[in-house]
Amino acid sequence: MKVYEKVCEYYINQMKEGALKPGDKMPSIRTSEKILGVSRTSIETGFLQLAADGYIYSVEKVGYFVSDMLENNSESEEQLSQSTSSGIKTYEYDLATIGEDKTVSCLNLWRRYMKSALRQEDRLLSYADNQGEYDLRQEIAAYVRKNRNIICSADDVVIGAGFQNLLQILIPLIPGEKTISFPTKDFMDGAILFKSAGFAVNFRDKDSHVIYVTPSYMTKWGDVMPMKRRRELAEHVTKNNHLLIEDDYQNEFVYSSKPTPSLYAMTGGENVAFLGSFSRVLLPSVRISFLILPKKARKEYLQIRGLYNQTASKAEQIALAQFLRDGHLDRHIKKIKRLYDDKRNLMYEALQKHFSDNAEIIMGESGMELAVKLKGDNILAQIEDSQVAVNILEASENAATMLISCSKIESENIYNAIQKLNDSLQK
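Residues numbered from 1 in each chain as written. Predicted model: local features only at pLDDT ≥ 70, side-chain atom pairs only at ≥ 80, totals over all residues. Heavy atoms only, no water.

### Observations concerning the confidence of the model for the protein chain
For the protein chain, mean pLDDT is 87; residues scoring 70 or higher make up 93% of the total. Averaged pLDDT values over the elements of the protein chain bottom out at 46 in strand β3 (residues 80–84) and peak at 97 in strand β6 (residues 157–160). Confidence drops under pLDDT 50 across residues 72–87; counting only partners more than four residues distant or on other chains, this segment forms 28 contacts. (pLDDT = per-residue confidence, 0-100. Helix = DSSP H or I, 4+ residues; strand = E, 2+ residues; numbered from the N terminus. Contact = heavy atoms within 4.5 Å.)

The structure is reproduced here in structure tokens:
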């Protein structure tokens, strides 16, 4: 038995014995090294195999958590347990969690590619390329050329485990004034990162030297940046020699028939850094993100390249390169996009039927979330007492805005969930 297989066996037994329960955070890589007395590489490979087999899942910037794979099958999959001040509350329907619909999961296919990657012993017995595996960078360059009209080479692509790591690499490459603007205060992770690097952090300030934008996901309910604003931004950064950081989050789930050109493509990449990720479109446990460097920064990056170790799993990079090369990601995105579009429309129709008289329903052009603005006495308490889990964006004494997601709930349960939510507000 290989060392990483022993790691898998150990933690699977911990789950079966109840020492690790669904939702528990897995021990860190460093802690696991001490517990099991094996190398970091063996622990990482074991965790990747556990994730590929569905025993654990990854939350970006947080760590690995135990899935409910071994949970008693008699329990309803539509129940969600959440901690409250009074203990554990069980919900009948979950419209709060942003995840993946199991009916279109590519987990089984991905598992095959991970197993194939884990058999490439010669590659796995060497350290990962600091910039990311070259074959994956080639595939990413081809992918963005086809899907985002971005012309770049593998040398322009930097791979990492999450945006925070990639931004740490980008920051030293930014010349000029140390000011940055974020669209809202929701981007606190990025704001803290830039602030610790000596940047003055602003919000919605076009005069900042660096402007961070999410054009395909401007609000939590999926508003998309209009073409006029894209042109203005592209012209602004070019004219003033500023830098635009384009976070392409949720672009794969823009449902409008109008094209959404990337700002990187519109400027030729001279004053734009492009961030992309595969966690949302592939599997949440696959923590691979990528940065396309501004054209002006390539030479400077080569000078600091050796200072940053690769943080994304080498095995996952090998698997993803082949997955992309075989065309599976494009086919998978088409399939899940159709499903989520249908589910969004089902949810919107159900909301219109049950909430049209006393609510404002907002559905943007992207994502899987809708916003519902409600008014009424004790409305927040009524929402919290419901058997339907939702996210509260804003709340006051007589008004509340809730965000609901169609991503995890099955299509056939959407109508009943909305009806039950409405019934709880009518009491």
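On we go.
### Quick word on the sheet that holds strand β13 (residues 359–362)
A sheet is described by the order of its strands in space; here four strands give the open sequence β13-β14-β17-β16, paired in antiparallel fashion. Of all strands in the sheet, those with a lone pairing partner are β13 and β16 (391–395), marking the two edges. Taken pair by pair, the neighbouring strands of this sheet meet at an average axis angle of 20°, ignoring direction. Bridge analysis of β13 against strand β14 (residues 369–375) gives four bridges, and the strand direction is antiparallel. The partner of isoleucine 361 across the bridge, within β14, is valine 372. Seen against the sheet, helix α13 (residues 328–355) touches β13, β14 and β17 (399–405) and runs at an angle of roughly 10° to β14. (Pairing = 2+ DSSP bridges. Axes fitted to C-alpha atoms, helices over the stretch in contact; angles between N-to-C directions.)

### A look at the nonpolar core
A general feature of soluble globular proteins is that nonpolar side chains tend to end up buried together. Among the nonpolar cores identified, the biggest contains 93 residues, and Met26 and Phe278 are the most heavily contacted of them. In terms of residues, this core owes the most to one element, α13, which gives nine residues. For methionine 26, the residues in contact, after removing those within four places along its chain, are Tyr11, Met15, Leu20, Phe47, Leu50, Ile56, Tyr64, Phe65 and Val66. In this structure, Ile174, Phe182, Phe199 and Val210 belong to the second largest nonpolar core, which totals 26 residues. (Core = buried A, V, L, I, M, F, W, Y, C linked by side-chain atoms within 4.5 Å. Buried < 20%, exposed > 50% of the residue type's maximum accessible area, 1.4 Å probe, protein only.)

### Describing the pattern of salt bridges
The tally for this structure, following the rule as stated, stands at 14 salt bridges. Its salt-bridge partner being arginine 40, residue glutamate 44 comes within 3.1 Å of it at the nearest N-O pair. Highlighted residues: glutamate 44 and arginine 40, both in helix α3 (residues 40–52), separated by four residues, approximately one helical turn. The class for glutamate 44 is partly exposed, based on a relative accessible area of 33%. Accessibility expressed as a relative area gives 44% for arginine 40, which makes it partly exposed. (Salt bridge = Lys/Arg side-chain N within 4 Å of Asp/Glu carboxyl O.)

### What about helix α9 (residues 227–240)?
Taking 1.5 Å of rise per residue, 14 residues should cover 20 Å, and α9 covers 20 Å from first to last C-alpha, within 8% of that figure. When α9 is considered as a whole, its buried residues turn out to be Arg230, Leu233, Ala234, His236 and Val237. Projected onto a plane normal to the axis of α9, the buried residues spread over an arc of 160° and lie on a single side. The exposed set on the far side of α9, more than 90 degrees from its buried face, consists of Lys228, Glu235 and Lys239. Against the buried residues of α9 lie β9 (210–213), β10 (243–247) and α10 (263–267). Just downstream of α9 lies asparagine 241, where phi reads positive at about 55°. (Expected span 1.5 Å × (residues − 1). Arc of directions from axis to C-beta.)

### Here we look at the pairing of β9
The two faces of β9 match: Val210 and Tyr212 on one face and Ile211 and Val213 on the other face are all buried. Examined bridge by bridge, β9 and β10 share four bridges and lie parallel to one another. By the bridge assignment for β10, isoleucine 211 is matched with leucine 244. Where the polypeptide runs from β9 across α9 and back to β10, its parallel neighbour, the crossover connection is right-handed. (Right-handed = clockwise from strand over helix to strand, strands pointing away.)

### Comments concerning the environment of alanine 161
Within the secondary structure layout, alanine 161 lies in the loop between β6 and α7 (163–170). Along the sequence, alanine 161 and serine 277 sit 116 residues apart, while their C-alpha atoms lie 9.1 Å from each other. With residues near it in sequence (within four places) discarded, alanine 161 still touches Arg287, Thr311 and Ala312.

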